[in-house]
Amino acid sequence: MQLVRHCFFLITSILVFHVSAQTQVYNIKGIVEDTLRNPQAYATVVLLEKSDSTLMEFTRTELDGSFRFKDVKQGNHLIKCTYVGFIPLTVDASSTGQDIDCGVLKMSPLNEQLMEIVVKAAKAPIKMRGDTIEYDASTFQVPEGSSVEDLLRRLPGMEVESDGTISQDGKNISKVTVDGKNFFGSDPKAATKNLPAEGISKVQVFDTKSEQEELTGATSESQDKTMNLELKEEFKSGGFGKIIAGTGTESTGELKGNYNKFNKKIQFSLVGVANNTGRNGLSWDDYQDFLGSQSFNFGGGTDYGFGGGGGRFFVFGGNSGIEADIQSIFFSGGNSGGFPENYNGGINFNYDHKKTKVSSVYYYNQVGIERSTITNQDRFLTDFTQNENRDAFSNNLSRGHRAEVKLEQEIDSLTTVKVEFNGAYIDESNRSSGSSSLLRNDILTTANTYSNLEENDGYLLNGLILLRRKFMKKGRSLGLNASILNTQLDKNYDLNSNLEFYDDQGNFEDNQLILQENLNDQDKSVFKANALYVEPLGGNFFSQTFYNHRNRSENGDRRVFDIVGNELITNDFLTRTYDNDIIYNRIGSSLRYSNDGTNITAGLAIQSFDLKGLATIATLQMIEPVDINFNNWLPYLNINFSPVRNSYVDISYSRDANEPDIADLQPFVDNINPLYIRIGNAALEPEIQNRISARVSRSYPLSGVRISLNGNFSFYQNKFSRNETVDEDLVTTVIPINIDGGSSFNSYFSLSFPIIKNKVSIRSNMNISQNINPTIVNDFENNTTTFTYAPYVRLSFTPKKEMSIYLSARYSSSNTEYDIAETQNQQVITTNYSAEIKSRLLFGMYTDINFNYENFQNDRFNQSQSIPILNASLYRPIFNNKAEVRLSIYDAFNQNLGFNQSASGIGIYQSSTISLARYFMASVTYNMRGVKTDTRKNHWW
Amino acid sequence: MMNHIKISVLGLLMLMSISITAQSIEGTITYNRKTDWISIMSKLPWVTQEDIDRRKLTWGNEESKGRDYMLSFKDDKSVYSYKKEEASVGYSWKKDPYLIIRDHRKNSFIDQRDFVGKTYKIEGEIPKTKWKILNELKEIQGYICMKAETYDAVTDQTIHAWFTDALPFFGGPEGYSGLPGMILEINKNDGDAIITATKIDLNSDIEKLPIPKKIKGKQIEQEEYNLKITDFIAESIEGRKNPWWRLRY
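Residues numbered from 1 in each chain as written. Chains lettered and ligands numbered in written order. Predicted model: local features only at pLDDT ≥ 70, side-chain atom pairs only at ≥ 80, totals over all residues. Heavy atoms only, no water.

**Remarks on the overall build of chain A**
Phase 1: Counting its regular elements, chain A contains 9 helices and 48 strands.
Phase 2: For chain A, restricting intrachain contacts to residue pairs at least 6 apart in sequence, the fraction spanning at least 24 positions comes to 62%.
Phase 3: Carbon and sulfur atoms make up 54% of the accessible area of chain A, which totals about 47,000 Å². (Helix = DSSP H or I, 4+ residues; strand = E, 2+ residues; numbered from the N terminus. Contact = heavy atoms within 4.5 Å. Areas by Shrake-Rupley, 256 points an atom, 1.4 Å probe, with all protein chains shown as cover.)

The structure is reproduced here in structure tokens:
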């Protein structure tokens, strides 16, 4: 051991000695002067490795301009002097051991023009290559639409003759290259005259030979120069598109295409889809490809309130029918059973440049669907059960045209104005026929056969103007906006039905034939104005004040005619008009404390509703007009903070007041449906909803564990409810009422963690909710309590690049209990298992297999319905991954069925719709940007 | 006349630089840090050209305001951290701990850094950065800067620094140092992250650098910390997660 240590010592000493013997050192000195032979004091001198310019040491010159580096290891070195306003000077200072005296180093001043115009005014970096200097041209301001030639005229040292000949510092530029490639047969004029200046990022001018010189080290004075124009990244490319066409058995077909072209300023896109498979096929990717920079309109919520505080959040849709926006229409058309036939398409144009943003979009959608549905509904009453069976066939066609134009202009750095217009036109027709029967304790009481035709059309016009203003005082801001919305709908339907009544033994008694024409005009206009003002109060406090005004006018005109023979006779009983005016005002203020991840907001608002309603019926009998005013105080509290790293807690309380429907306030009897009579209630008051919510989340980023828990609880005062009376003939009479009580509780827990990092992971969640709904049925107060729990677990296996497997299971149990009919308490269970395999196979082929098993159970109907669906496809990229061929089978077991079940109020509902089942499809995809052959599911981070 | 003015301006400049050089400088510099997420994501191996185009299309025109940091320096020592936020309308979010202290005289450093949600304290001798000096000049906040380049093997980033010899402090933002003047801009991987000086204040007298008395964090050696980062990047990329969501780029 001792010996080893000795040997080691000996070897190291030899090595050290050897190295130090080899490392000879030398000194370098010199004097730096300017061109007028004045010594250059305080110039920076750096010692560099010659091979790669690595910095070894640096120093500054003395007052007499001298500098010195001591004990420099021998080798190849450079000395470089720099001084403000002078061209950096580099000299060789290599040595094998002898000291080097660089002598007098003369620095020449940087071309003044270059310094002032390029470096200082245009803030462009300049790059020195020997004697030539290049700089970034993109920072030079030229008017829009200028050519490269116009740009060159502005660059120092560059001269452009009237015939387009270019020279720099007196030397002719004989060749122009673009991105290093020859352009238009190397005629420099063609390139400079035709290319737009705004597409250029860099202008480089160098001696035509200089590249070669750099290799050989030879220097020679060249009279000819080459100019290289580098294109900006965003002008180089930007455009993609794809088309998918498929044809299958059962007369199925799919066609989908999109195309997109964009640069920094302009985005243009087209999308089109046609299919009869019910798979709309438009994904989030397609949505982004279509709307581009307008995909996510943050801050779209213009109805200011307590939250937000100018923060950015994304509001999606929310409206339906004619008021549905393009975003929600884009994603609609998913499979809802039946036999669909869909056509969608649109065109979008965005212009986005500096202070101006313009976007315009048009979207057309057409949905056709044939459905044949069997429905079964039970209602539980104190002393009997009502059962309704319906067998319905419908053929629905709806078409919509929607267009939007938005303009946003930044007026100055503090003020932005935005104007938006949108319009829509829809027309729909729905032909339905079928039969239904009502049973009381299993004895037939009423039967109905019908054949109706409904035709609607209408338009919408909407305009919005918005102003955002910031102030010199940081944090102070103002938002103002106003909008007008107008819609007009014509809804016409022809009713043709035969009602048959039976006695309590189930014997036919009587029948009623209804042959009617209904003409409905519904107009609505909404004016909104909102204001928000945020004022910093110093420290970490802010005040936020908002005001909302809304005036909604609705009027309608319904004319009903009985068809007798060939004549139309006004049905005085059902013909009526209404004219409603709802004015809503809310003003509120809040105080916010925001600091280091903690935000506390407390506020109070007062809200008022002014409801005015006027209704007449054809008999010219005026219904007593509604004229009510409600005022409500609404407090608000929100606290969020992170107690420890990677955690987040949010707690809030809010109160909302919802106004009653004017139709519910009008005290008249609505017996359009003779089996379901509604009576208004003039004493209705606004419903007050109190909401408490909490959210806690924690993540352990290194191990990949995430936990979150959300819960919210709402309780009501004056909750809207119904007083229902069902008489012996199964005629239901409904009166809207306010009732105290009722609550809803909803909670969501989720946990995800990896089992084997990057290979196996688990995501699980659990949803628990309880709703208590009070109603009055046949004079008894009934609380319907629905308790739902739904655990979910998903396992992801991503063992290797070529394959991934995803397994999931969901169980959802919903227990409904009725105060008045405990025997009717029931449990509805839905179970879902799914497996997905994505894998690479042999011969460049891939497969996607998707199996989904769904089971519906309901102890009331004593039924269990299982729907196993297997979809599989086999595909292979072709033509250098530009295209793909695919063979698919959908619903291999031929089991598809649109199935629905729910329990609510005092009833339970179940329906099944015959739907497109097994079919094979062959499809081809062409993608300009290459098809994706991925065996993983996308995820967002 | 014009020439006279120029000469006197030049003279004044020289005088200024002399007076600057004569004593060690002190003051504060505000830096703005911007990250180009599209460009960062574009480099992840599983991202396709179509994905990149889609992100450019959707988010390419979004302008980020970046985040402000402040470098305070005095007596060859510097502290670099978040700049205290002025009143802003938005909600406040908790920031990851980040404190970079350099003592160029003693050649020592103390860093408080986040690593994937955990705070570490790293101390030691300032490692020597292998800088290449390039032949480029540009102006930042009135100072003519030269360009230098280095490669960070831990994060696989090419770093460009713009430094000015008119400010004789041999440090800069994010702990970068070793150039013959103050670094006024750091550019990582051609614009993926740019940290640039937006305000230079040499007049404010700094009584004491804002160094907290106690710097929390788990003590770790620089090499060990670097290893954690390299491992995390490799592991995230294998699991198809963007490592930079969790790491400072």
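**A closer look at the interface of chain A and chain B**
Phase 1: Taken together, the contact between chain A and chain B spans 84 residues of the former and 66 residues of the latter.
Phase 2: Taking both sides of the interface into account, the surface hidden between chain A and chain B amounts to around 6,800 Å²; carbon and sulfur atoms contribute 52%.
Phase 3: Seen at the junction of chain A and chain B, the total is 9 salt bridges.
Phase 4: Residue Arg 645 of chain A is joined to Asp 114 of chain B by a salt bridge in which the shortest nitrogen-to-oxygen separation is 2.3 Å.
Phase 5: Along the contact surface separating chain A from chain B lie 23 residue pairs in polar contact (both at pLDDT 80 or more). (Buried area = accessible area lost by both parts, 1.4 Å probe. Salt bridge = Lys/Arg side-chain N within 4 Å of Asp/Glu carboxyl O. Polar contact = N/O pair within 3.5 Å; in protein donor to acceptor, adjacent residues only side chain to side chain.)

**Re the pattern of salt bridges**
Two side chains with opposite charge may pair up if their charged atoms get near one another.
Phase 1: Under the criterion given, the structure shown has 42 salt bridges over all chains.
Phase 2: Note that Arg 559 of chain A and Asp 521 of chain A form a salt bridge whose closest N and O atoms lie 3.4 Å from each other. Pair noted here: Arg 559 of chain A is in strand β26 (residues 541-564) and Asp 521 of chain A is in strand β25 (residues 508-538), with a separation of 38 residues, a long-range link.
Phase 3: Looking at Asp 521 of chain A, the relative accessible area reads 26%, which means it is partly exposed.
Phase 4: If you follow the salt bridges from partner to partner, you end up with Lys 242, Lys 256, Asp 285, Asp 286 and Asp 289 of chain A together with Glu 50, Asp 51 and Arg 54 of chain B in one network. (Buried < 20%, exposed > 50% of the residue type's maximum accessible area, 1.4 Å probe, protein only.)

**Brief notes about a nonpolar patch on the surface**
Residues and elements named next belong to chain A.
Phase 1: Residues Ile 243, Leu 255, Tyr 259, Leu 270, Ile 347, Tyr 362, Tyr 926 and Met 928 make up a contiguous nonpolar surface patch of roughly 660 Å² in combined accessible area.
Phase 2: On the secondary structure map, Tyr 259 appears in strand β17 (residues 253-262).
Phase 3: With relative accessibility at 30%, the residue Tyr 259 sits in the partly exposed group. (Patch = residues over 30% accessible without salt bridge, like charges linked within 9 Å, V, L, I, M, F, W, Y side chains within 5 Å.)

**Structural notes on the packing of aromatic side chains**
Phase 1: Tallied over the entire structure, the rule returns 35 aromatic pairs over all chains.
Phase 2: Judged by centre distance (5.5 Å) and plane angle (65°), the ring pair of Tyr 287 of chain A and Phe 330 of chain A falls under edge-to-face. Taken as a pair, Tyr 287 of chain A in helix α7 (residues 284-291) and Phe 330 of chain A in helix α8 (residues 326-331) lie far apart in primary sequence, 43 residues in all.
Phase 3: Judged by relative accessible area, which is 0%, Tyr 287 of chain A ranks as buried.
Phase 4: Joined through ring pairs, the aromatic side chains of Trp 284, Tyr 287, Phe 290, Phe 330 and Tyr 363 of chain A make up one cluster.
Phase 5: Of note, Arg 550 of chain A hangs over the ring of Tyr 584 of chain A, and the distance from its end group to the ring centre comes to 4.2 Å.
Phase 6: Positioned above the aromatic ring of Tyr 98 of chain B, the side-chain terminus of Arg 248 of chain B is 3.6 Å from the ring centre. (Phe/Tyr/Trp six-rings, centres within 6.5 Å; stacked < 30°, edge-to-face > 60°. Lys NZ or Arg CZ within 6 Å of the ring centre and 35° of its normal.)

**Describing the side chain of Ser 269 of chain A**
Residue and element names in this part refer to chain A.
Phase 1: With respect to the helices and strands, Ser 269 occurs in strand β18 (residues 266-275).
Phase 2: Take Ser 269: its relative accessible area is 2%, and that puts it in the buried class.
Phase 3: From its side chain, Ser 269 meets the backbone oxygen of Phe 290 in a polar contact 2.6 Å long.
Phase 4: Beyond its immediate sequence surroundings of up to four residues, Ser 269 is in contact with Tyr 259, Asn 260, Asp 289, Phe 290, Gly 346, Ile 347 and Asn 348.

**Concerning the environment of Phe 920 of chain A**
Phase 1: In this structure, Phe 920 of chain A sits in strand β48 (residues 919-927).
Phase 2: Those residues in contact with Phe 920 of chain A, other than ones at most four positions away along the chain, are Thr 247, Gly 248, Thr 249, Thr 252, Ser 888 and Ile 889 of chain A.

**Structural notes on the confidence of the model for chain A**
Phase 1: Looking at chain A as a whole, the pLDDT averages 84, with 89% of positions reaching at least 70.
Phase 2: This stretch, residues 210-220 of chain A, has a pLDDT under 50; its non-local contacts, to residues over four places away or in other chains, come to 7 contacts. (pLDDT = per-residue confidence, 0-100.)

**Notes on empty space enclosed by the protein**
Residue and element names in this part refer to chain A.
Phase 1: By the definition in use, this model includes 4 cavities of 30 Å³ or more.
Phase 2: For the largest cavity, the calculated volume is near 90 Å³.
Phase 3: Each residue belonging to the lining of the largest cavity can be placed in one class, and the counts come to 8 nonpolar, 2 polar and 1 charged.
Phase 4: If you go around the second largest cavity, you meet 11 residues; those closest to its centre are Leu 291, Gln 294, Val 361, Glu 404 and Lys 406.
Phase 5: For the lining of the second largest cavity, the secondary-structure elements that each account for two or more residues are α8, β20 (356-380) and β21 (385-412).
Phase 6: The element contributing the most residues to the lining of the second largest cavity is β20, with 3 residues. (1 Å grid on protein atoms, 1.4 Å probe; cavity = no way out; pocket = protein on both sides within 12 Å on 5 of 7 lines; lining within 4 Å. Points joined across faces, edges and corners; volume = space filled by probe spheres on them. Nonpolar A, V, L, I, M, F, W, Y, C, P; charged D, E, K, R; others polar.)

**What to know about the pairing of strand β42 (residues 826-840) of chain A**
Successive residues of a regular strand alternate their side chains across the two faces of the sheet.
All names here are of chain A.
Phase 1: Pairing analysis gives 14 bridges linking strand β41 (residues 803-818) to β42, with the strands arranged antiparallel. What sits directly across from Ser 808, in β42, is Ser 834.
Phase 2: Here β42 runs beside strand β43 (residues 846-858); their pairing, made up of 13 bridges, is antiparallel. Residue pairing across strands places Arg 840 opposite Tyr 846, the latter belonging to β43. (Pairing = 2+ DSSP bridges.)

**A word on unusual backbone geometry**
Phase 1: The backbone of Asp 779 of chain A sits at a positive phi, close to 75°, despite the residue not being glycine.
Phase 2: By secondary structure assignment, the location of Asp 779 of chain A is in the loop between β39 (760-777) and β40 (780-800).
Phase 3: A residue is classified by how much of its surface remains accessible, and Asp 779 of chain A, at 68% relative accessible area, is exposed.
Phase 4: In this structure, Arg 240 of chain B takes a positive phi of about 60° despite not being glycine.
Phase 5: With respect to the helices and strands, the residue Arg 240 of chain B is situated in the segment after α4 (222-238).
Phase 6: Since its relative accessible area comes to 16%, Arg 240 of chain B is described here as buried.

**Overview of helix α3 (residues 49-59) of chain B**
Phase 1: Taken together, the buried positions of α3 of chain B are occupied by Glu 50, Asp 51, Ile 52, Asp 53, Arg 54, Leu 57 and Thr 58 of chain B.
Phase 2: Residues of α3 of chain B that are buried in the fold lie against β16 (239-248), β17, β18, α7 and β48 of chain A together with α2 (37-42) of chain B.

**As for the sheet that holds strand β7 (residues 100-107) of chain A**
Residues and elements named next belong to chain A.
Phase 1: A sheet is described by the order of its strands in space; here 3 strands give the open sequence β4-β1-β7, paired in mixed fashion. Here the strands that pair on one side only, and so sit at the sheet edges, are β4 (66-73) and β7. Neighbouring strand axes in the sheet, compared pairwise and without regard to direction, differ in orientation by 20° on average.
Phase 2: Pairing geometry for strand β1 (residues 25-34) and β4, over 6 bridges, is antiparallel. Note on β4: the bridge partner recorded for Gly 30 is Phe 67. (Axes fitted to C-alpha atoms, helices over the stretch in contact; angles between N-to-C directions.)

**With respect to α7 of chain A**
Residues and elements named next belong to chain A.
Phase 1: Within α7, 6 of the 8 residues are buried, which leaves the element mostly enclosed by the surrounding structure.
Phase 2: Restricting attention to buried positions, one finds in α7 the residues Asp 286, Tyr 287, Gln 288, Asp 289, Phe 290 and Leu 291.
Phase 3: Looking at the residues trailing α7, positive phi occurs at Gly 292, about 55°.

**Things to note about a positive patch on the surface**
Phase 1: Positive charge collects at one region of the surface, where Arg 706 and Arg 763 of chain A together with Lys 241 and Arg 246 of chain B lie side by side.
Phase 2: With respect to the helices and strands, the residue Lys 241 of chain B is situated in the segment after α4. (Lys, Arg positive; Asp, Glu negative; His and termini not counted. Charge placed at Lys NZ, Arg CZ, Asp CG, Glu CD.)

**Considering the sheet that holds strand β2 (residues 44-49) of chain A**
Residue and element names in this part refer to chain A.
Phase 1: The strand order across the open sheet formed by 4 strands is β3-β2-β5-β6, and the pairing between neighbours is antiparallel. Sheet topology places β3 (55-60) and β6 (89-92) at the edges, where each strand pairs with a single neighbour. Shown here is a sheet whose adjacent strand axes are inclined to one another by a mean of 20°, direction ignored.
Phase 2: Bridge count for strand β5 (residues 77-82) against β6 is 4 bridges, and the pairing is antiparallel. When the sheet's bridge partners are listed, Ile 79 is paired in β6 with Val 91.

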